[in-house]
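What follows is each chain in one-letter form.
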Amino acid sequence: MSDWVEACAAGDIDEEDVMRFDHGGRTFAIYRSPDDDYFATDGLCTHEKVHLADGLVMDDIIECPKHNGRFNYKTGAARGAPVCVNLATYPVKVEAGKVLIQIG
Amino acid sequence: MQAGMVIIGAGECGGRAALTLRELAYDGPVTLVGDEPHLPYERPPLSKDAMVSDAPEIKAIASDAMLAERAIRHIHSVQAVAIDRTAHTVRLTDGSVLLYNKLLLATGSTPRRLPMPGLGSRCVYLRTFADALAIRQHLSAGNRVAIIGGGFIGLELAASARKLWAVVIVIEAQPRILMRGVPAEIAEIVHQAHEAEGVKILTGQGIISIADDGTEVCIALADGQEIVADLAVIGIGAVPVTGLAVEAGLTIDNGIAVDATLRTGDPDIFAAGDCCSFPLAVYAGRRVRLEAWRNAQEQGALAARNMLGAGEAHAAVPWFWSDQYGLSLQIAGLSDEGKSMVRRDLSDGAFILFHLAEDGRLVAASGIGPGNAVARDIRLAEMLIAKRVKPAPEALGSQDVKLKSLLAA
Ligand SMILES: Cc1cc2nc3c(=O)[nH]c(=O)nc-3n(C[C@H](O)[C@H](O)[C@H](O)COP(=O)(O)OP(=O)(O)OC[C@H]3O[C@@H](n4cnc5c(N)ncnc54)[C@H](O)[C@@H]3O)c2cc1C
Ligand code: FES
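Here is what the cut-offs are and how they apply
- Residues numbered from 1 in each chain as written.
- Chains lettered and ligands numbered in written order.
- Predicted model: local features only at pLDDT ≥ 70, side-chain atom pairs only at ≥ 80, totals over all residues.
- Heavy atoms only, no water.
- Helix = DSSP H or I, 4+ residues; strand = E, 2+ residues; numbered from the N terminus.
- Buried < 20%, exposed > 50% of the residue type's maximum accessible area, 1.4 Å probe, protein only.
- Contact = heavy atoms within 4.5 Å.
- Areas by Shrake-Rupley, 256 points an atom, 1.4 Å probe, with all protein chains shown as cover.
- Lys, Arg positive; Asp, Glu negative; His and termini not counted.
- Charge placed at Lys NZ, Arg CZ, Asp CG, Glu CD.
- Domains from an automatic or database assignment.
- Buried area = accessible area lost by both parts, 1.4 Å probe.
- Salt bridge = Lys/Arg side-chain N within 4 Å of Asp/Glu carboxyl O.
- Polar contact = N/O pair within 3.5 Å; in protein donor to acceptor, adjacent residues only side chain to side chain.
- UniProt positions renumbered as here; feature names shortened; annotations may be inferred.
- Phe/Tyr/Trp six-rings, centres within 6.5 Å; stacked < 30°, edge-to-face > 60°.
- Lys NZ or Arg CZ within 6 Å of the ring centre and 35° of its normal.
- Near = heavy atom within 4 Å.
- Nonpolar A, V, L, I, M, F, W, Y, C, P; charged D, E, K, R; others polar.
- Pairing = 2+ DSSP bridges.

## Thoughts on the overall build of chain A
Okay, so step 1: When its secondary structure is counted, chain A shows zero helices and eleven strands.
Okay, so step 2: The N-to-C order of helical and strand elements in chain A reads β-β-β-β-β-β-β-β-β-β-β.
Okay, so step 3: Overall, chain A is about 40 × 30 × 20 Å in size when its C-alpha atoms are taken along their principal axes.
Okay, so step 4: Classification of the 104 residues of chain A by burial places 49% in the buried group.
Okay, so step 5: Once local pairs closer than 6 in sequence are excluded, the contacts in chain A between residues at least 24 apart make up 41%.
Okay, so step 6: By element, 45% of the accessible surface of chain A is carried by carbon and sulfur atoms, the whole surface being about 4,600 Å².
Okay, so step 7: In chain A, the 10 positive side-chain charges and the 18 negative ones have mean positions that sit 5 Å from each other.

## Regarding the domain arrangement of chain B
All names here are of chain B.
Okay, so step 1: By the assigned domains, chain B splits into domain 1 (4-44 + 59-110 + 238-307), domain 2 (113-234) and domain 3 (326-408).
Okay, so step 2: Distance between the C-alpha centres of domain 2 and domain 3: 31 Å.
Okay, so step 3: Facing the nine residues of domain 2 at the interface are twelve residues of domain 3.
Okay, so step 4: When the buried surface of domain 2 facing domain 3 is broken down by residue, Pro183, Glu185 and Ile186 rank first, second and third, together holding 58% of it.
Okay, so step 5: Between the two partners, domain 2 and domain 3, sit one salt bridge.
Okay, so step 6: Of the charged contacts in the structure, one is a salt bridge between glutamate 185 and arginine 343, with a shortest N-O distance of 2.8 Å.
Okay, so step 7: Counting across the domain 2 and domain 3 interface gives two residue pairs in polar contact (both at pLDDT 80 or more).
Okay, so step 8: In terms of residues, the side of domain 2 that touches domain 3 owes the most to one element, helix H6 (residues 184-196), which gives five residues.

## Quick notes on the interface of chain A and chain B
Okay, so step 1: Listed by partner, the interface residues are 21 residues for chain A and 20 residues for chain B.
Okay, so step 2: Across the chain A/chain B interface, buried area totals approximately 1,700 Å², and carbon plus sulfur atoms make up 45% of it.
Okay, so step 3: Across the contact surface, chain A and chain B share 14 residue pairs in polar contact (both at pLDDT 80 or more).
Okay, so step 4: Listed by contribution, the elements that provide at least two residues to the side of chain A that touches chain B are strand S2 (17-23) and strand S5 (56-58) of chain A.

## Considerations on the UniProt feature "domain: Rieske" (unreviewed entry) in chain A
Okay, so step 1: As recorded in UniProt, the sites labelled "domain: Rieske" (unreviewed entry) are residues 5-101 of chain A.
Okay, so step 2: Taken end to end, residues 5-101 of chain A has its terminal C-alpha atoms 5 Å apart, with 0% of it in helix and 47% in strand.

## Some thoughts on the packing of aromatic side chains
Okay, so step 1: Evaluated as defined, the whole model comprises eight aromatic pairs over all chains.
Okay, so step 2: On the numbers, 5.7 Å between centres and 65° between planes, the contact of A:Phe39 with A:Tyr73 is edge-to-face. A residue pair is termed long-range when its members are at least 10 positions apart, and A:Phe39 in strand S4 (residues 38-42) and A:Tyr73 in the loop between strand S7 (70-72) and strand S8 (78-80) qualify at 34 residues.
Okay, so step 3: On the basis of an interplanar angle of 70° and a centroid distance of 6.4 Å, the ring pair of B:Tyr41 and B:Phe129 is categorised as edge-to-face. Linking B:Tyr41 in the loop between strand S2 (30-33) and helix H2 (49-52) with B:Phe129 in helix H4 (residues 129-136), this pair joins segments that are 88 residues apart in sequence.
Okay, so step 4: The class for B:Tyr41 is buried, based on a relative accessible area of 3%.
Okay, so step 5: Members of the aromatic cluster, joined through ring pairs, are A:Phe21, A:Phe28 and A:Tyr90.
Okay, so step 6: Against the face of B:Tyr125 rests B:Arg113, its NZ or CZ located 4.2 Å from the ring centre.
Okay, so step 7: We note B:Arg343 situated over the ring of B:Phe351; from NZ or CZ to the ring centre the distance is 3.8 Å.

## Regarding the site of ligand 1
All names here are of chain B.
Okay, so step 1: Inspection of the region around ligand 1 gives 36 residues, with Asp35, Glu36, Arg43, Lys48 and Arg127 positioned closest.
Okay, so step 2: Interatomic distance of 2.5 Å between a side-chain N/O atom of aspartate 35 and an oxygen atom of ligand 1.
Okay, so step 3: Protein burial of ligand 1: of its 1,000 Å² of free accessible surface, 95% is covered by the chains.
Okay, so step 4: Those elements giving two or more residues to the shell around ligand 1 turn out to be helix H1 (12-23), helix H5 (152-163), helix H8 (293-307) and strand S21 (319-324).
Okay, so step 5: A breakdown of the residues in the shell around ligand 1 according to their chemical character gives 18 nonpolar, nine polar and nine charged.
Okay, so step 6: Here the shell around ligand 1 gathers at least three residues from each of two domains, domain 1 (4-44 + 59-110 + 238-307) and domain 2 (113-234).

## What about the pattern of salt bridges?
Okay, so step 1: Tallying each qualifying case throughout the model produces 33 salt bridges over all chains.
Okay, so step 2: Residues joined by salt bridges that share partners form a network here, namely A:Glu63, A:Arg70, B:Arg294, B:Glu298, B:Arg379 and B:Glu382.

## Let's talk about the sheet that holds strand S8 (residues 123-124) of chain B
Residue and element names in this part refer to chain B.
Okay, so step 1: Here five strands make up an open sheet; going across it, the order is S8-S15-S9-S10-S11 and the pairing parallel. Every interior strand has two partners, whereas the edge strands, S8 and strand S11 (200-202), have only one.
Okay, so step 2: Sheet topology note: the strand S9 (residues 144-148)/strand S15 (residues 231-234) ladder contains four bridges and is parallel. Bridge pairing in S15 places valine 145 opposite leucine 231.

Have a look at this one:
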């Protein structure tokens with residue numbers, strides 16, 4: 001079940017930015033951190049199911065575009081009202097310039 | 001009785017304050033008093049999703065379990081009626097008396113009443129979940145809804161009512177909708193969206209009289225027209241709830257007046273959220289009262305920190321959003337501080353207007369577009385406003401210049 005899925009090319013995401021990735025009827029958010037690491041979380045905010053990829057990445061925080069709820073995208077931890085439920089995270093690796101995520 | 005932290009008003013602000021006190025590991029008694037029968041809940045959905053749902057539910061800020069786990073005592077359906085500042089007590093309608101070390105007034109605001117005779121049971125206001133349920137019953141295909149006042153709550157309600165195929169008319173006394181705080185260019189987009197969805201909007205229309213017989217409302221307009229509706233919803237602004245503070249002899253100035261740390265003239269009494277006016281640091285201490293959800297949340301948390309002695313000054317930039325149909329509007333800062341505007345076009349017809357002061361400082365940004373198209377740039381604008389920068393207008397106007405790069409500069 002735990003397949004690695006190609007999400008995008010490493011260069012598709014700017015540093016300190018996020019991109020939406022849809023796969024198998026699910027939606028994910030793929031992040032590139034300021035120190036050039038890649039991360040993946042569920043794509044929808046746990047407050048009102050809004051796409052986090054429209055939000056702003058600052059250091060290790062993704063801020064929801066709708067009401068500014070915050071998560072640490074590296075751990076999925078909810079970091080600021082109104083969100084209180086954590087985000088699921090997924091393992092990520094970069095191989096041959098491709099960003100792969102492991103969808104459980 | 002052990003004295004502790006007492007919060008009056010179990011809304012967004014009061015609820016957040018109580019949770020924050022516990023996050024900060026305060027271990028004395030925390031009592032949250034509210035006159036509504038519910039857990040603290042979010043109001044913004046009341047004019048949006050909750051209005052469209054077949055079985056509206058409250059969106060609670062904290063569950064009973066969360067409150068119990070944190071030993072937050074929530075007294076509901078009871079009003080605070082008097083504060084004795086010398087004895088440090090608050091008396092409630094059920095006769096009980098609470099002893100406080102620090103008191104937070106988070107009493108919110110209440111709809112401004114239409115000062116006109118003839119209003120009956122078919123003329124209603126929208127503030128609470130109970131109000132929303134009552135209105136929801138009247139929203140069905142073909143039912144006629146008149147909305148008095150083209151402000152945010154009325155317009156969001158109009159959009160929700162259209163989703164349920166009600167026949168909707170909006171009556172606005174001003175020459176255009178969203179006159180307060182929204183630039184004309186953006187109000188025009190909202191206006192067009194409503195008309196495209198079949199809402200009739202009458203602007204510059206004074207109301208002469210209203211007759212409500214309990215089944216129908218008849219609204220006579222200045223130009224001689226008569227509007228007949230099954231329900232009239234009045235949305236002409238809100239006024240702060242200050243009765244308790246007035247009685248207690250606290251200073252009122254367009255709301256309960258507090259300093260930058262949200263403290264009233266009494267060192268043991270704080271006020272926060274919709275009910276208070278405070279000096280806004282980003283605009284040289286201009287005294288304002290905000291009716292905005294994030295402000296209620298931020299001030300609730302700040303008041304909690306300061307009740308515990310942090311002495312921290314409010315520094316946030318005002319921020320507001322509204323959703324109507326697929327459109328989302330976001331405003332950071334107060335646009336009336338601006339003297340000139342620069343427009344930045346984004347994808348999908350979304351755009352942002354940057355408001356600049358005379359000296360070129362960025363003081364506000366107003367954006368509108370589908371979905372969350374403007375969210376990221378408005379958030380960056382908010383940070384630029386907080387930094388009090390004077391960005392080059394050409395840079396603000398150009399899609400090729402990332403706002404994030406201006407922040408780093
Ligand atoms: C329909 C609607 C839609 C909205 N949409 C948006 C939006 O899209 N975006 C946005 O930014 N803002 C929006 N707002 C505004 C936002 O909800 C408010 O700014 C926010 O709720 C203010 O929180 P508060 O806790 O200060 O006040 P409130 O939420 O009003 O809470 C105050 C509470 O105190 C209670 N109370 C008052 N006096 C007493 C007393 N003496 N004893 C006990 N209890 C008392 C009141 O009954 C109330 O329950 C909306 C508001 C409404 C009504
Ligand atoms: S939807 Fe994300 S914070 Fe509300």
